[in-house]
Amino acid sequence: MAEAYIVDAVRTAGGRRGGRLAGVHPVDLGAATLDAIADRNDFDASAIEDVITGCVMQGGEQSGDVGRNAVLASKLPDSIPSVSIDRQCGSSQQAIQFAAQGVMSGTQDMVLAHGIESMSRVPMGSTFKLFKDAGLGTNMSERLQAAYPGIQFSQFMGAEMLVKKHGFTRQDLDEFALESHQKAIKAVESGAFDKEIVSVEIETAEGKEQHKVDEGIRFDATMESIGAVKLLQEGGAITAANASQICDGSSAVLVCSEQALKDHGLTPRARIVNLTVTAGDPVIMLEEPLFATDRALQRAGMKIGDIDLYEVNEAFAPVPLAWLKHVGADRDKINVNGGAIALGHPLGASGTKLMATLLNAMEARGSKYGLQTMCEGGGQANVTIIERLG
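Residues numbered from 1 in each chain as written. Predicted model: local features only at pLDDT ≥ 70, side-chain atom pairs only at ≥ 80, totals over all residues. Heavy atoms only, no water.

Participant: Which residues make up the overall build of the protein, and what values go with them?
Facilitator: A count of helical and extended segments in the protein gives 13 helices and 13 strands. Its C-alpha radius of gyration of 20 Å places the protein within 12% of the 21 Å reference for a compact globule of 390 residues. Each principal axis of the C-alpha distribution contributes one length, and for the protein these read about 60 × 50 × 50 Å. Relative to its full complement of 390 residues, the protein shows a buried share of 57%. Within the protein, counting contacts between residues at least 6 apart in sequence, those at least 24 apart form 81% of the total. Total accessible area computed for the protein in this model is approximately 15,700 Å², and 50% of it derives from carbon and sulfur atoms. Mean positive and mean negative side-chain charge positions of the protein (35 and 50 charges, respectively) differ by 3 Å. (Helix = DSSP H or I, 4+ residues; strand = E, 2+ residues; numbered from the N terminus. Rg over C-alpha atoms; globule rule 2.2 N^0.38 Å. Buried < 20%, exposed > 50% of the residue type's maximum accessible area, 1.4 Å probe, protein only. Contact = heavy atoms within 4.5 Å. Areas by Shrake-Rupley, 256 points an atom, 1.4 Å probe, with all protein chains shown as cover. Lys, Arg positive; Asp, Glu negative; His and termini not counted. Charge placed at Lys NZ, Arg CZ, Asp CG, Glu CD.)

And the structure:
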């Protein structure tokens, strides 16, 4: 089987809900990272055979194949096709895996994995609510309700179930949240994100500016300030402060075959070692990364001790905490530049976003192997293992 290589990975800095990126149409936000891949790498962009775009809320400004619209709005040739996919929060991680599978199968040589999500302009849940309010129904069919009678599929309920199952306390979650902000602050101050972030021109009251720092980071975060945030449900442990932030963003990863590297004189930054996707309990929902990681490591013939760095999406603090506990991983190696609690979670753009951060962190530390995973709606999870080259 052919190998698949990552040549480049970029992301925008995250924008808070209603914040600095709220004035940017998601199509244009997506075009920014496509442009960056073309600008940063010396090759004929017409050689890109597909753009696979992850996006969760595919309605309104993100409807009509948002990935194709981003291609048309970008510097890329109109001859490049695109498809928009939805595996919930793992959408653009799945885009990486589909891109790699196209290359590994020998049917494609150069594919862009891509993600777009403007949670300010196309709010989370809006595609469900608008259809429901218009009397056009919901996803809960008769057979689905019969299979799961009286069950509400809720990420918030799943997070609380995870807390109880693994015996975490509110303090455990808040401490992890504070660590996320502290690591993100250190990353910003040291320039750790500089190589991965694509600046986006925005309009402010003072005029045009470049958005290039993640807006969600709380530079003044303390245990006291995090602990003061109210619980989402009485008797629970989840708060807005120990969960991921609503975020606007875009990201992209260029995946190539060995032949494409030779043809275009490109230097690979990483080799894709393993691609895994699994599904489990849709009610607790958020626990599947634990078991998906078990399977990925087994299939790769590796142990967790072989992995130097991990990116585990911080949808809610109990997810990475449960993952660390289950796989026996080293807490010092997880989300070393902060995670979604500090940096934001732009849903469909998070998969390629995390890959950009993981790859750059590995290069900065001289790490050999990295692992990325995230929980997804429906009780699903993707795991991607990469080997740094060079």
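Participant: Summarise the packing of aromatic side chains; cite the residues concerned and give the values.
Facilitator: Taken as a whole, this structure holds three aromatic pairs when the rule is applied. Taking the ring centre of Phe168 as reference, the NZ or CZ of Lys325 above it sits at 5.9 Å. (Phe/Tyr/Trp six-rings, centres within 6.5 Å; stacked < 30°, edge-to-face > 60°. Lys NZ or Arg CZ within 6 Å of the ring centre and 35° of its normal.)

Participant: Describe the pattern of salt bridges, with residues and values.
Facilitator: Counted under the stated rule, the structure contains 17 salt bridges. Of the charged contacts in the structure, one is a salt bridge between Glu196 and Arg11, with a shortest N-O distance of 2.7 Å. Pair noted here: Glu196 is in the loop between α7 (170–190) and β6 (197–198) and Arg11 is in strand β1 (residues 5–12), with a separation of 185 residues, a long-range link. The exposure class of Glu196 is buried, given its relative accessible area of 0%. Salt-bridge contacts for Glu387 lead to Arg271; the nearest nitrogen and oxygen are separated by 2.9 Å. Here the residue Glu387 occupies a position in strand β13 (residues 380–388), and Arg271 occupies one in strand β10 (residues 270–279), the gap between them amounting to 116 residues. Here the residues in one salt-bridge network are Asp8, Arg40, Lys195, Arg269 and Glu363, joined through shared partners. (Salt bridge = Lys/Arg side-chain N within 4 Å of Asp/Glu carboxyl O.)

Participant: Explain the pairing of strand β9 (residues 247–256) to me, and be specific about the residues and the numbers.
Facilitator: Burial runs high along β9: 10 of the 10 residues are buried. Covered by surrounding structure in β9 are Cys247, Gly249, Ser251, Val253 and Val255 together with Asp248, Ser250, Ala252, Leu254 and Cys256, the residues of both alternating faces. Where strand β2 (residues 15–16) and β9 come together, two bridges link them in antiparallel fashion. From the neighbouring strand, Arg16 faces β9, where its bridge partner is Cys247. Across nine bridges, the pairing between strand β5 (residues 110–118) and β9 is antiparallel. Within β9, the residue paired with Glu117 across the bridge is Gly249. (Pairing = 2+ DSSP bridges.)

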